[in-house]
Amino acid sequence: MIFEGLSDKLQGALGKLKSKGKLTEKDVKDAMREVKLALLEADVNFKVVKDFVKKVQERCVGQEVMSSLTPGQHVIKIVNEELTSLMGDVSSKIMISPKPPTIIMMVGLQGAGKTTTSGKLGGYFKKQGKRPLLIACDIYRPAAIKQLQVVGEKLDIPVFNMGDKESPVNIAKAGLSHAMKNNHDLVIIDTAGRLHIDETLMDELKSIKSEVKPHEILLVVDSMTGQDAVNVAESFNEALGVDGVVLTKLDGDTRGGAALSIRAVTQKPIKFIGMGEKLDDLEPFHPDRMASRILGMGDILSLIEKAQESIDLDKAKELEQKIKKQDLDFEDFLEQMEQIQNMGPLDKILGMIPGMGNIKDQLGDVDLNGKEERRDPSILNASRKKRIARGSGTSVQDVNRLIKQFNEMKKMMKMFTGSQKSMKKRGGFPGLPFFK
């Protein structure tokens, strides 16, 4: 789950306020002290933390909160709003040029994932109907050009290169001419990085910027470097002037400091976040959705978007009918699990559902074989369970746990189906049959 440590601590600090019928200033101060420590431990910039806590505390001790019937919920609402504001209020999109091609220049240090991110970005826009071209301008890092070509081949996106003997400026110019001749309406330039910021790197990037005049300069930074990512962003912005940031490795063991600090320190928006190693693991950054996920309030909108991309609607309708008839079997369970797996790791999906993020540790891996048992779970007696356990290299207890999970899933689906009318009034959740 994103920012798991930070998320747990913030939810813990604010959760203590929920049970209180009335809040005192001391209650708020104690909670804000814990919030402050949680943010500092997550490597959020000290000044950012100080300003954030001050704003939240000033709002929380106001008359509206103190006299509220649910003051704890009011405090959480305020923290959510201020977190959203800290990360940029609204999502910031790539500026598409009215006169093609749109030129995006990718910059950053070595190791941040710039080359892979260039490909991911091309794949993202290709899904939206664009005709992207990747330009390989990193002539220094061994195999950088080959890496971009491999990524481009996997995504079926052409890569323009002139080897490693020509200057990056000339490659960028020639690549842009090639794009215009071949009707590419989007150009993504993968520039060279360094292990650290130096004058030679910046001069080269400035020359490319001057020659090709990109519509967007995106800085790719590794979110796992915490506060260092913010320092890198400041340096690149001062020297080059960046239009936005792409945070990579946000699915790793990141403490969250970069995501919560960069916008406030540099005034540059986070435009995309890298959520994994797969080539479709790139998401537009939505500050409000991220704040909700950090506070354990879920992110239904992102869940719906993932579901619409991954779930077969015809099969979803068939499953919905089976749920209504309470005719669900393990074959359906397996099929549904496979479709859910296409949406990404289960713990991430659960983190998007309000109140479900904390049950991810209770889930085991699911691996089912045997059509007869899948279609009629009621025949799973002791001897069958032993055979399944032996064949899968697990224990009978594991098999029992899986059956229990299946039964719990049926109960949960029945619960969602029972509340169908209220869901439909709110428009339903397209692509997720059991949320309709």
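As shown above, the structure is provided for reference.
Residues numbered from 1 in each chain as written. Predicted model: local features only at pLDDT ≥ 70, side-chain atom pairs only at ≥ 80, totals over all residues. Heavy atoms only, no water.

1. Regarding the overall build of the chain
Turning to step 1, where the next piece is worked out: Along its length, the chain carries 20 helices and 8 strands.
Turning to step 2, where the next piece is worked out: The buried share of the chain, taken over its 436 residues, is 49%.
Turning to step 3, where the next piece is worked out: At a minimum sequence separation of 6, the contacts of the chain that also span at least 24 residues come to 73%.
Turning to step 4, where the next piece is worked out: As displayed, the chain has an accessible area near 21700 Å², and 50% of this comes from carbon and sulfur atoms. (Helix = DSSP H or I, 4+ residues; strand = E, 2+ residues; numbered from the N terminus. Buried < 20%, exposed > 50% of the residue type's maximum accessible area, 1.4 Å probe, protein only. Contact = heavy atoms within 4.5 Å. Areas by Shrake-Rupley, 256 points an atom, 1.4 Å probe, with all protein chains shown as cover.)

2. Notes on the pattern of salt bridges
Turning to step 1, where the next piece is worked out: Evaluated as defined, the whole model comprises 18 salt bridges.
Turning to step 2, where the next piece is worked out: Among the salt bridges present, the one from Arg33 reaches Asp30, with a minimum N-O distance of 3.1 Å. Taken together, the residues Arg33 and Asp30, both in helix H2 (residues 25–41) and 3 residues apart, mark about one turn of the helix.
Turning to step 3, where the next piece is worked out: When its relative accessible area of 25% is taken as the criterion, Asp30 is described as partly exposed. (Salt bridge = Lys/Arg side-chain N within 4 Å of Asp/Glu carboxyl O.)

3. Comments concerning the sheet that holds strand E8 (residues 282–284)
Pairing between the strands of a sheet is mediated by backbone hydrogen bonds and can be parallel or antiparallel.
Turning to step 1, where the next piece is worked out: A sheet is described by the order of its strands in space; here 8 strands give the open sequence E3-E2-E4-E1-E5-E6-E7-E8, paired in mixed fashion. The open sheet terminates on both sides in strands that have one partner only, identified here as strand E3 (159–160) and E8.
Turning to step 2, where the next piece is worked out: Across the face of the sheet, helix H7 (residues 144–155) comes into contact with strand E2 (132–136), E3 and strand E4 (186–190) while running at roughly 165° to E2.
Turning to step 3, where the next piece is worked out: The strands that helix H8 (residues 168–181) touches are strand E1 (102–107), E2, E3 and E4; relative to E2, the one it contacts most, it runs at about 160°. (Pairing = 2+ DSSP bridges. Axes fitted to C-alpha atoms, helices over the stretch in contact; angles between N-to-C directions.)

4. Focus on the packing of H8 against helix H9 (residues 199–212)
Turning to step 1, where the next piece is worked out: Relative orientation of the contacting elements H8 and H9 amounts to 25°, with a least axis distance of 9 Å. On the basis of their axis angle, the class for H8 and H9 is roughly parallel. Here the hand of the crossing between H8 and H9 comes out right-handed. Residues Pro168, Val169, Ala172, Lys173 and Leu176 of H8 form the contact with H9, whose participating residues are Glu204, Ser207, Ile208, Glu211 and Val212. (Parallel < 35°, antiparallel > 145°, perpendicular 65-115°, else oblique. Left-handed = near helix turned anticlockwise from the far one by under 90°.)

5. Thoughts on the packing of aromatic side chains
Turning to step 1, where the next piece is worked out: In the structure shown here, the tally under the stated rule is 2 aromatic pairs.
Turning to step 2, where the next piece is worked out: For the ring pair Tyr124 and Phe125, a centre distance of 5.2 Å and an interplane angle of 85° mean the geometry is edge-to-face.
Turning to step 3, where the next piece is worked out: Aromatic pair Tyr124 and Phe272: ring centres 5.1 Å apart, planes at 80°, arrangement edge-to-face. Of the two residues, Tyr124 is situated in helix H6 (residues 114–127) and Phe272 in strand E7 (residues 270–274); the sequence distance between them amounts to 148 residues.
Turning to step 4, where the next piece is worked out: Joined through ring pairs, the aromatic side chains of Tyr124, Phe125 and Phe272 make up one cluster.
Turning to step 5, where the next piece is worked out: Its guanidinium or amino end placed over the ring of Tyr140, Arg194 lies 5.1 Å from that ring's centre, counting from NZ or CZ. (Phe/Tyr/Trp six-rings, centres within 6.5 Å; stacked < 30°, edge-to-face > 60°. Lys NZ or Arg CZ within 6 Å of the ring centre and 35° of its normal.)

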